[in-house]
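Next come the chains, spelled out residue by residue.
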Amino acid sequence: MPIREVTDQFQLESIVPYFQPIMDLHNTRVWRYECLARLVTPDEKTFLPNEFLYLIERHNYVQKLTETMFVQSSRYFEAINIPWNINLNHADLANEALTNRLIAHLADYPSPSRVSVEVSAQVAMKEHGLLKTFIERSMHSGLGVFIDNVGSTPGNIKNLLSLPIRGIKLAGGLIRQFDTHPEVQEFVLNVIEMAQARSISVVAEHVETEETLALVRSLPIRYAQGFVFSRPAPNVKSH
C-alpha cells in the first residue's frame, strides 16, 4: 500500500501486534512467535511499519510505540504458555528509561524467560558495547536476546556470538544463495557450528518456498520462519 494512504489522523492504539510463528522443524510445531507492528485503520486497512513510521517519528511516538507493542504483546501471551519476541532498534537500546520499564514490566510476569527481544545484526555489531550493557542489565529479569538478520552485514561474528544471547536468525538471502555460492555455504556452516557450540539457537528466516524449506531441513538448523509456514496474523493458533 502506498504511504500516501496513511493520514495524520491516527491513534497510537491503532498500531497493534501481528504474530508470525517460528517453527521447530523437529516436530513441525510453533516454537515461539515474533510480534510485528501493524497499523490497522478503522476501515480495516493494514499497513506495514515502513508505511507508517514517518508518522510515528513526526509525532515523537517512537519510544511509545516500542512500549505499547511490548505491553500489548505481553498481555496477549500472558495466559498463553508460548515464548515470544519483540524488536528493539538502536534508539530503544540507548534509551535507559525505556529499557528499565520493559525490564520492570517482567517483574510480575508469568515465566518471563519466555520473552526475548530481537536486535538487528547491523545494530549489534555497530553498538556492541551498548548491546552488551543491555544484556547485562536485563539478564536477571529472564529476558533473552536474539540477533536478527545475521549475515546481511559484514562484521565480527565471533565477537557477536561471544555474548550471552539466546538465538540468532540467519538472513534469508544466505539460504537462497547456499547452493550457488561456496563462500556463503562456508559462512553459514561456520556460524551454525559456532552457535551450537555455545548453545545458541539458530533460526532460518524468510523461508518462503518449499524448495528453500527443503534446503533448510537438510542443514543442521532446527528452527525456521517465513511465509511458507504463515504470514503475520492478528491472532495465534490455539495450543
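Look above for the structure.
Description of the structure in this document. In this convention, every chain numbers its residues from 1, walking through the sequence in written order. Totals for whole chains, interfaces and linings use all residues, but because this is a predicted model, local features are given only for residues with pLDDT of at least 70 and pairs of side-chain atoms are given and counted only at 80 or more. As a rule here, side-chain values come from all non-hydrogen atoms in the structure, and water together with hydrogens is ignored.

1. Some remarks on the overall build of the protein
Now for step 1: Secondary structure summary: the protein contains 10 helices and nine strands in total.
Now for step 2: Each radius of gyration is computed over the set of C-alpha atoms, and the globule rule expresses the reference value as 2.2 Å times the number of residues to the power 0.38. Relative to the globule expectation of 18 Å for 239 residues, the C-alpha radius of gyration of the protein, 18 Å, shows essentially globular dimensions.
Now for step 3: If one aligns the C-alpha atoms of the protein with their principal axes, the spans along those axes are about 50 × 40 × 35 Å.
Now for step 4: The buried label goes to any residue with under 20% of its type's maximum accessible area, the exposed label to any with over 50%, and the partly exposed label to all in between, with areas taken from a 1.4 Å probe on protein chains only. The buried share of the protein, reckoned over its 239 residues, is 48%.
Now for step 5: Residues are treated as being in contact if the distance between any of their heavy atoms lies within 4.5 Å. Across the protein, contacts joining residues at least 24 apart in sequence account for 68% of those joining residues at least 6 apart.
Now for step 6: On the protein, the mean spot of the 22 positive side-chain charges and the mean spot of the 26 negative ones are 3 Å from each other. The secondary structure listing takes helices from DSSP runs of H or I that are at least 4 residues long and strands from runs of E that are at least 2 residues long, numbered from the N terminus. Positive charges come from Lys and Arg alone, negative charges from Asp and Glu alone, with His and the N- and C-terminal ends not counted. By convention, the charge on Lys lies at NZ, on Arg at CZ, on Asp at CG and on Glu at CD.

2. Here's the deal with the nonpolar core
Now for step 1: Ranked by size, the top nonpolar core spans 66 residues in total, and within it F77, L131, I147, I165, I168, L170 and I221 carry the most contacts.
Now for step 2: For this core, the leading source of residues is helix 9 (residues 182-197), giving six residues.
Now for step 3: Residues within four places of F77 in sequence aside, it is in contact with F19, Y33, C35, I82, W84, Y109, R114 and V236. Only buried residues count toward a nonpolar core, which is a set of Ala, Val, Leu, Ile, Met, Phe, Trp, Tyr and Cys residues joined through side-chain atoms within 4.5 Å.

3. Description of the side chain of E34
Now for step 1: Locating E34 in the fold gives a position in strand 2 (residues 29-40).
Now for step 2: Residue E34 is classed as buried on the basis of its relative accessible area, which comes to 6%.
Now for step 3: Nitrogen and oxygen atoms within 3.5 Å of one another constitute a polar contact, given that in protein one can donate a hydrogen and the other can accept it, and given that sequence-neighbouring residues count only through two side-chain atoms. Within the structure, E34 has its side chain in polar contact with the side chain of N87 (distance 2.9 Å).
Now for step 4: Ignoring any residue separated from it by four or fewer positions in sequence, one finds E34 in contact with Y18, F19, Q20, N85, N87, E118, K169 and Q225.

4. Observations concerning the environment of S218
Now for step 1: Tracing the sequence through the fold places S218 in helix 10 (residues 210-218).
Now for step 2: The sequence separation of S218 and E208 amounts to 10 residues, and the corresponding C-alpha distance is 16 Å.

5. Things to note about the packing of helix 4 (residues 96-105) against helix 6 (residues 128-138)
Now for step 1: Only the stretch in contact is used when a helix axis is fitted, and all axes are lines through C-alpha atoms; the angle between N-to-C directions ranges over 0 to 180 degrees. Contact geometry of helix 4 with helix 6 gives a least axis separation of 11 Å together with a crossing angle of 30 degrees. If you check the angle between helix 4 and helix 6, you find them roughly parallel. Relative to helix 6, helix 4 is oriented so that their crossing is right-handed. On helix 6, the residues touching E96, T99, N100 and I103 of helix 4 are F134, R137 and S138. An angle below 35 degrees is treated as roughly parallel, one above 145 as roughly antiparallel, one from 65 to 115 as roughly perpendicular, and anything else as oblique. Crossings are assigned a handedness: left-handed for a near helix turned anticlockwise from the far helix by less than a right angle, right-handed for a clockwise turn.

6. Observations regarding the pairing of strand 7 (residues 167-170)
Now for step 1: With burial as the criterion, each face of strand 7 is covered, one bearing G167 and K169 and the other bearing I168 and L170.
Now for step 2: Here, strands pair whenever DSSP counts at least two bridges between them. Taken together, the three bridges between strand 6 (residues 144-150) and strand 7 define a ladder with parallel strand orientation. The residue bridging V150 from the neighbouring strand is L170, located in strand 7.
Now for step 3: Sheet topology note: the strand 7/strand 8 (residues 201-204) ladder contains four bridges and is parallel. Bridge pairing in strand 8 links G167 to S201.

7. Section: the pattern of salt bridges
A side chain of one charge can pair with a side chain of the opposite charge if their charged atoms are brought near each other.
Now for step 1: Note on definitions: salt bridges are taken to be side-chain nitrogens of Lys or Arg within 4 Å of carboxyl oxygens of Asp or Glu. By the definition in use, this model includes four salt bridges.
Now for step 2: We note a salt bridge from K169 to E118, for which the minimum N-O separation is 2.9 Å. Taken together, the residues span a long stretch of sequence, with K169 in strand 7 and E118 in strand 5 (residues 115-120) at a distance of 51 residues. Exposure class is identical for K169 and E118. Each is buried.
Now for step 3: Within this structure, E34, E118 and K169 form a network of salt bridges that share partners.

8. Here's the deal with the environment of G129
Now for step 1: Counting through the fold element by element, G129 comes out in helix 6.
Now for step 2: Judged by its relative accessible area of 46%, G129 is partly exposed.
Now for step 3: Taking the C-alpha atoms as reference, G129 lies 26 Å from C35; in sequence the two are 94 residues apart.

9. Remarks on the pairing of strand 1 (residues 15-24)
Now for step 1: Burial analysis of strand 1 places nine of its 10 residues in the buried class, which makes it a mostly covered element.
Now for step 2: Across 10 bridges, strand 1 lies against strand 2 in antiparallel orientation. Across the sheet, the residue bridging to Y18 is L36, located in strand 2.
Now for step 3: From the end of strand 1 to the start of strand 2, which pair antiparallel, there are four residues, and T28 there has a positive phi angle of about 55 degrees.
Now for step 4: Judged from the two bridges that link them, strand 1 and strand 9 (residues 223-224) form a sheet pairing that is antiparallel. Within strand 9, the position partnered with M23 by the bridge is A224.

10. Considering the layout of surface pockets
Now for step 1: Only protein atoms enter the 1 Å grid used here. Points where a 1.4 Å probe fits but cannot escape make up a cavity, open sets with protein on both sides within 12 Å along at least five of seven lines make up a pocket, and a residue lines them when an atom lies within 4 Å of a point. Grid points are joined across faces, edges and corners, and a volume is the space filled by probe spheres set on the points. Put simply, the largest pocket is a space of about 960 Å³.
Now for step 2: In terms of lining residues, the largest pocket is bounded by 37 residues, among which E34, L36, A37, P49 and N87 are the most central.
Now for step 3: Those elements that provide at least two residues to the lining of the largest pocket are strand 2, helix 1 (49-58), helix 2 (62-77), strand 4 (84-87), strand 5, helix 5 (121-126) and strand 6.
Now for step 4: Polarity classes work like this: nonpolar for Ala, Val, Leu, Ile, Met, Phe, Trp, Tyr, Cys and Pro, charged for Asp, Glu, Lys and Arg, and polar for all others, with Gly in that last group. Its residues placed into classes, the lining of the largest pocket shows 16 nonpolar, 12 polar and nine charged.

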